[in-house]
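Descriptive structure summary
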Amino acid sequence: MLFRFRKFPVYIKAKEFRKLVKNLLKRFPSAERFGFTDQIDRAVNSICLNIAEGSNRLSDKDKAHFLNQALTSLEEVISGFDLALDDGYITGRDLDNLIKVGEELGKQLIGFSKALRSS
């Protein structure tokens, strides 16, 4: 079945996380547009794109590899927002909320990957 990733709970959560990130990125100064903002934007897009790309791989090991790539992109996004907090672009409350949603997403990515590797 093509595009089955669209029904995966982890993909739905990744899109929710992406929306949250995109809204926070709107607060960044325009001077960051072609540097820091774009880096975080690419990383958050990578989460969804890696879930999708891995969904039709032939082996479970290969699928799990793409879920790991998505997880590392999630880590990159959170790191970017740690720095954004330091730079005063977001509040501690913003970061706490982002981490909460990010942790839920991360647990789903890890759980899905573990299930694939044990099958």
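Quick caveat, the model's predicted, so the values are computed rather than measured. (Residues numbered from 1 in each chain as written. Predicted model: local features only at pLDDT ≥ 70, side-chain atom pairs only at ≥ 80, totals over all residues. Heavy atoms only, no water.)

Our focus in this paragraph is the pattern of salt bridges. Any two side chains of opposite charge can pair, so long as their charged atoms come close to each other. This structure, assessed with the given rule, holds seven salt bridges. A salt bridge links aspartate 41 to lysine 22, with the nearest nitrogen and oxygen atoms 2.3 Å apart. Taken together, the positions of aspartate 41 in helix α2 (residues 33-55) and lysine 22 in helix α1 (residues 9-25) put the pair 19 residues apart, joining distant regions of the chain. In this structure, arginine 57 and aspartate 62 form a salt bridge, with 3.7 Å as the shortest nitrogen-oxygen distance. Under the relative-accessibility criterion, aspartate 62 is labelled partly exposed at 24%. Taken together, the salt bridges that share partners define one network made up of Lys13, Glu16 and Glu104. (Salt bridge = Lys/Arg side-chain N within 4 Å of Asp/Glu carboxyl O. Helix = DSSP H or I, 4+ residues; strand = E, 2+ residues; numbered from the N terminus. Buried < 20%, exposed > 50% of the residue type's maximum accessible area, 1.4 Å probe, protein only.)

Turning our eyes to something else, we now look at the packing of α1 against helix α4 (residues 92-118). Contact geometry for α1 and α4: axes closest at 10 Å, N-to-C directions at 155°. Classified by the interaxial angle, the pair formed by α1 and α4 is roughly antiparallel. Considering only the axes of α1 and α4, their crossing is left-handed. Together, Pro9, Val10, Lys13, Ala14, Glu16, Phe17, Leu20, Val21 and Leu24 of α1 and Asp94, Asn97, Leu98, Val101, Gly102, Glu104, Leu105, Gln108, Leu109 and Phe112 of α4 make up the contact between the two elements. A per-class count over the contact of α1 with α4 returns twelve nonpolar, three polar and four charged. (Axes fitted to C-alpha atoms, helices over the stretch in contact; angles between N-to-C directions. Parallel < 35°, antiparallel > 145°, perpendicular 65-115°, else oblique. Left-handed = near helix turned anticlockwise from the far one by under 90°. Contact = heavy atoms within 4.5 Å. Nonpolar A, V, L, I, M, F, W, Y, C, P; charged D, E, K, R; others polar.)

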